Each structure stands twice: as C-alpha cells, then as structure tokens.
Amino acid sequence: MSTQTELEILSPGAFASLQDGGRRGHRRIGVPWAGVLDRRLMRIANALAGRSEDAALIECFDGGLHVTASGGAVKIAVAGDAVVEVEGTEGRRQLAAWRSVTLADGDQLRIRKLEGGRIAMVAVVGLDLPAVMGSASTYVRAGLGGVDGRALAAGTRLALASDADPWGSDHVLTQPPAADSGPIRLVPGPQDDHFSPAALEALVGGEYRVTTEADRMGIRLEGAKLEHVGAAEIVSDATVPGSIQVPGAGQPIVLLADAQTAGGYPKIATVIGADLGRLAALRPGQALRFAAVGAAEGGRIARAVEAETRALIASIRALPPDGIDLMALYTGNLVDGVVHALGAEYRPLY
Amino acid sequence: MSYRILDAGDAALTIEFGNIIDPALLAAVNALDAAIQRLQGAGELPGVIETMPTFRSLTVFFDPLATDRDTVLAALQPLIDAAEHGTPVDGRHWRLPVCYEGEAAPDLAEVAATLGICTDEVIALHSGSAYLVYMLGFLPGFPFMGDLPERLRLPRRAQPRVRVPAGSVAIATALTAIYPWESPGGWHLLGRCPIPLFDARRASPSLLAAGDQVRFTPVSSDECRAIEAGLANGEIDPMQWLESTPTPAENAA
C-alpha cells in the first residue's frame, strides 16, 4: 500500500497561489483570465520540470515560500531570479534557481529571496488540479480554481499524482533571461482622445514609480499627472490585461490578470502583452519608463519575444548525473557571495 | 450608425458603436457578437480567443502569435457592416426577490432624503420597472441593468465603500445592479437579493445574460431568509424566478 505523496506549504511567503495559463472564454460574464502574471517564467519552470508549458504551478511573490515533500519524494523546478535553499537529512544547501531538484521525503525547500523582480514560479511534477471553467488558476474574488478557490496558506497540502516520477534527471536553464530594464512598451488607446495631448507625452516622456498598491489585479503608478479632457468617466467598456486606466486624480493604474473585465475610467493606453510580465515583476518603489508603439508593431514584438522564449526553453539541458558536485559548486559560489545559475565550469554532457 | 475601431494593445481591438447607454447600440453590439460566435463555432476566425460585449462596444481578444490586427479586422468588416442594422434580441424574463428592509438596505433612507421622496416610493419606483441586462462585467455575474426611472437617478456615492456585501442591490446614474460578490463599490445600496447570480458548478455559471429582462419583487426580511435557507438546502431552484424564455426562433439573432 502506497501513501499519498504531497507537497505541503509550510509558508506561502508574501503571497502565493496556484496558476496556469489562465481561464479563457468567460470575460463576457465578468470572469477575468487570471493565470500567471509572467507567462515566460511559467513556461520555463514547467519545461524544467518536464511538464506541459501552461500546466498549473505555484506563483509566488518576493521571498518566503517554504514547502516540504511529504509521503514521498517530489520533483520541483524554480524559475525566477531566486535564491533557493534545500534542507534535508544531509543538512542545508543553497542552490541557484532556473533548475529542477528532487526533494526526498521530508526535505524542505525555501525561496530565501528574489535577487531581481518579485515573482518566481515553482513547477511541481504530478500537480494535477481539477479545471474550474477550463482552468486551475486561482481567482480569489470568486473562489475559483486552485485549492478551494483560495490563495496558498501554511498547511495547504497539494496531493500529487501517484504516477509522478520524482527521480528523473534534473534540468537546468543554461541561459537565464537577462534582466531587461528597457522601457515598457504600450499602444496608445482605446481612449487616448479623452486626454489632453500633453498627457500621452507625459506618460511616455516621464518616469513613473510603482506604488505599494500592486497585486494580481493591477499596479498603481505615481508620476506626472495625466490631464483628462472633460469628465474622467466613460460609459463602461471592456478592459484587457495591460489596460492603463486613469481615474480623476490623473495617476495611472495598469490592470493585470485578475482585474475587473469592464470599467468606467478612460484608458489612455495598453501595455503590450510581451512586456506585461516584466511590468508585473517590478517592486513597489521601482521606477519605469514607457515607450509608445503601434498595434501592428506590438504584434511583431510579440512574435520576436516568443522566438526568444523558445530559444531560452531550447537551452534547457539535463544536469550531469553526479549533480552533487554541481550543488557543491553552487554552494561555493554562494560562499563567495555570487550566485550564478551555472558556474563557468559547467559543461553540458553532450 | 457609425462606428470606430479602437486599439486595445497588441492582442485586442474594440469596435465602438457609440458612447452612450442606448438599447439601439446594444442591438448592434449583440448582433456583431452573435455573428462572431457563429463564425468561431464554425472554426473560422483563427486566433480569435473571445469577445466581450458591453453597452456600446465589442472587444475582440486575439492571439498575436496566431493572427494579427489587420487580418482580424478584414475578417470582421462584413460582420460589422451587417451588425449596424441589428435588431434587439428578446432575452429571458426574470422576476427576482429583493428585501428592501433594515440592514439589507443601508442607503435607502439617504437615497429617499436626497431625492425628496419617501422610502416606500423609492421601493415602488425601483420594483415597478423592467430592466434590460445591458452587460455583465466588473465582477463575475455582475449585471449592469437599466434604465432606472428618471426620479431614481443619482450620481455614485462620493465615498465608495470598501466592502459591499454580496447580494446587495444597488443603483447609480441610470443603472441598477446586484453585487454577486463582496467587493468595494460606489453605488447606493437599496436592498438585498438572496439568489446567487454566479455558480461555477452550473453549466451556465452566470444566472443572467446580456439581453435578459429583470423585474424586482419586494420581499420581507423573513421571506428573504426563508429563500436563502431553501436555496442552501436545495429545496429551491434558482430557475423558479425565470418567468419566460424566448422561443428559439426569437432567440436566433
């Protein structure tokens, strides 16, 4: 008789929830897509774990996510600029992210901190959640998806499929994505004509800062005031992920995955999909700049970024079977105060 | 009727038939929506993910990796031209219970005072009209319904509430709505509807659909509680408040 293998959440850290590629087709009844805030990170984490690219995984903010394998070994993979610590019978060791690792029964994994950004994705082999309206993504407002429609909490136990194999070789992303501090690109509209001509110039010409009001619904920014022409109100129409709505006070709010599907504030512009994950990963206090592109150019950027993502995923390699040495290498790097996803010594096996 | 094409980023565009709340605009929106859904059902319009109909516009979401803006627009053009002459579709007719008493109606007295009428008159006005469900949005299953009688129209509250309880029946401007979920909100709360408007376990999770008509029937606090209890233990089916359904012929837009 076999026992149930589970991944237990010891702490969700700042905030963690189960997400996948999102819930499509129900915006007409007011249901947002939800889903991960950064699709590229999701796809890398799932690829590292050998799962389908938009399979459900743990999306967590900042550091602090702490999990343990219970009832058996669990294979997980972490994507994001995270410092990861694994603690087991052999003691505590640190490893870089952008790789998979097997936790033996009782081993714990903790995301100590994020060096860059505020989002990490943790893929778990065998995590098969029931779809609710087509997706396992957690949408807390309406209690959809995830585990009972709620964010992850200490004590949440995620049951894993009995046929999940936690002992396959580990994988590593040989070229973690470089930090991109370029401007966040937006397409003017749909209601840019509700603003003074100076407003769009101010939006793309000035510096904005992420406020502390930043979550899965959206990000409030502060910077140059955006002046409306006439009332700061429209007859409600559809919002999209990336809509930049501007209430009367003139400070923009960028809507994200869990945002309401319709709204009555004019939307001066829309952040392109390719840059939305990068925007969502900015921390409160961080500055950003916008640049305007046309809608067709946005489509070309989407295809170019997709090609980059595919190249990144294609760079995933199996780790050497004697991965212990590699772990030592990572630990050594840490002692020197430097964490590289791969040491210079790393050689692919083929 | 003229329309405008508005860009909503690199993965969506909006066809806007006007900028006011008007059943004629809704007819065009719903005709275009139905035409797009028919084409999608036939496997055409590759790359189009879904549509979002609103009072006066339709937003089309597409995958920029599978298609592009100009291709989508070219495919939609004949549908848009046809939709401009769309006629209103008769939806289902509902009669929903509302408790306009006590804790369920926190803003009733203030609304009456502002309008200079008595609370019974507010209730009579609100429950005396049939409302068109213009659209669903803001929250899952949240119906934007109108039009309110002229005498009930007020701007939104100066101070939005941080917490509006689920089931709240509310008014603002020319519209009335029911909050399916607890949420922040700036509308005036006149009562409470005990019927769940959204249930993901149902084949159609939203009780109401755009184009439906809704009337309200005042019930006492006791009746409201009895309905809630009946719904909770399965003795009451929410569909019992459905008064009529259009024939399939009427429903085919």
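The rules behind each value
- Along each chain, residues carry numbers from 1 onward, in the same order as the chain's sequence is written.
- Chains carry letters from A onward and ligands carry numbers from 1 onward, assigned in written order.
- Local features in a predicted model are, by the rule used here, given only for residues with pLDDT of at least 70; side-chain atom pairs are given and counted only at 80 or more, and totals for whole chains, interfaces and linings are based on all residues.
- As a convention, hydrogens and water are excluded, and side-chain values are obtained from all of the structure's heavy atoms.
- Strands here are runs of E lasting at least two residues and helices are runs of H or I lasting at least four, both read from the DSSP assignment and numbered beginning at the N terminus.
- The atom set for the radius of gyration is the C-alpha atoms, and the globule formula is 2.2 Å times the number of residues raised to the power 0.38.
- Whether a residue is buried, partly exposed or exposed follows from its accessible area with a 1.4 Å probe, protein chains only, as a fraction of its type maximum: under 20%, in between, or over 50%, in that order.
- Residue contacts are defined here by distance: any two heavy atoms, one from each residue, within 4.5 Å place the two residues in contact.
- Each accessible area value is a Shrake-Rupley result obtained with a 1.4 Å probe; residue values ignore everything except the protein chains displayed when judging cover.
- A positive count includes Lys and Arg, and a negative count includes Asp and Glu. His and the chain ends are not counted in either.
- The atom standing in for a charge is NZ when the residue is Lys, CZ when it is Arg, CG when it is Asp and CD when it is Glu.
- Fitted lines through C-alpha atoms give the axes, limited to the stretch in contact for helices. The angle between two N-to-C directions lies from 0 to 180 degrees.
- In what follows, roughly perpendicular refers to angles from 65 to 115 degrees, roughly parallel to angles under 35, roughly antiparallel to angles over 145, and oblique to any angle outside these ranges.
- Where each domain begins and ends follows an automated or database-derived domain assignment.
- Buried area is calculated as the accessible area (1.4 Å probe) missing from two parts once they are joined, with the contributions of both summed.
- A pair is scored as a salt bridge if a Lys or Arg side-chain nitrogen falls within 4 Å of a carboxyl oxygen belonging to Asp or Glu.
- A 3.5 Å cut-off defines polar contacts: any pair of N or O atoms within that distance qualifies, except that in protein one atom must be a possible hydrogen donor and the other a possible acceptor, and neighbouring residues in sequence count only when both atoms are side-chain atoms.
- UniProt positions are given in the numbering used here, feature names are shortened, and annotations may be inferred rather than shown by experiment.
- A pair of strands is treated as paired once DSSP finds two or more bridges between them.

Counting its secondary structure elements, chain A contains 5 helices and 22 strands. Taking 2.2 N^0.38 as the reference for a compact globule, 350 residues should give roughly 20 Å; the C-alpha atoms of chain A span a radius of gyration of 21 Å, in line with that estimate. Dimensions along the principal axes, computed over C-alpha positions, put chain A at roughly 70 × 45 × 30 Å. Here chain A, with 350 residues, has 56% of them falling under the buried criterion. Contacts in chain A between residues far apart in sequence, at least 24 positions, make up 77% of those at least 6 positions apart. With the model as given, the accessible surface of chain A reaches about 13700 Å², and the carbon-plus-sulfur share is 51%. Looking at chain A, you have 33 positive and 40 negative side-chain charges, and the mean spots of the two groups are 3 Å apart.

If you want to describe how two helices pack, look at the angle between their axes and the distance between the axes. Residues and elements named next belong to chain B. Remark: helix α3 (residues 108–115) packs on helix α4 (residues 119–126), axes separated minimally by 8 Å, with the N-to-C direction vectors making an angle of 95 degrees. Taken together, the axes of α3 and α4 lie roughly perpendicular to each other. Contacts between α3 and α4 pair L108, A109, V111 and A112 from the former with T119, V122 and I123 from the latter.

With that out of the way, let us pick up the domain arrangement of chain A. Residues and elements named next belong to chain A. Per the domain assignment, the segments of chain A are domain 1 (6–177) and domain 2 (184–304). In this structure, domain 1 and domain 2 have C-alpha centres spaced 29 Å apart. Contact with domain 1, which involves 25 residues of that partner, is made by 18 residues of domain 2. Around 1500 Å² of area is buried between domain 1 and domain 2 when both sides are counted, 52% of it from carbon and sulfur atoms. Contact with domain 2 buries area across many residues of domain 1, yet R27, L37 and R118 alone supply 43% of it, more than any other trio. Counting across the domain 1 and domain 2 interface gives 1 salt bridge. Taken together, the connections running from domain 1 to domain 2 amount to 9 residue pairs in polar contact (both at pLDDT 80 or more).

For the rest of this paragraph, the subject is the interface of chain B and chain A. Taken together, the contact pairs 46 residues of chain B with 42 residues of chain A. Roughly 3300 Å² of surface becomes buried between chain B and chain A when both sides are summed, with 62% attributable to carbon and sulfur atoms. As a salt-bridge pair, R4 of chain B and D193 of chain A come within 3.0 Å of each other at their nearest N and O atoms. Counting the contacts that link chain B with chain A gives 15 residue pairs in polar contact (both at pLDDT 80 or more). Put simply, the parts of the chain that give the side of chain B that touches chain A at least two residues each are β1 (4–7), β2 (12–16), α1 (23–41), β3 (48–53), β4 (57–62), β6 (131–136) and β11 (183–185) of chain B. Here the element with the most residues in the side of chain B that touches chain A is β3 of chain B; it accounts for 5 residues.

What follows deals with the UniProt feature "domain: Carboxyltransferase" (unreviewed entry) in chain A. The residues that UniProt annotates with the feature "domain: Carboxyltransferase" (unreviewed entry) are residues 28–308 of chain A. The span residues 28–308 of chain A is 15% helical and 33% strand by assignment, and the distance between its end C-alpha atoms comes to 33 Å.

A few words on the sheet that holds strand β17 (residues 243–245) of chain A. Residues and elements named next belong to chain A. Sheet architecture is closed into a barrel: 7 strands sit in the order β13-β20-β17-β18-β15-β14-β21, paired in mixed fashion. Along the sheet, successive strands turn relative to each other by an average axial angle of 40 degrees, direction set aside. This element, helix α2 (residues 197–205), spans β13 (184–188), β14 (207–214), β17, β20 (267–271) and β21 (287–292) of the sheet and lies at about 125 degrees to β21.

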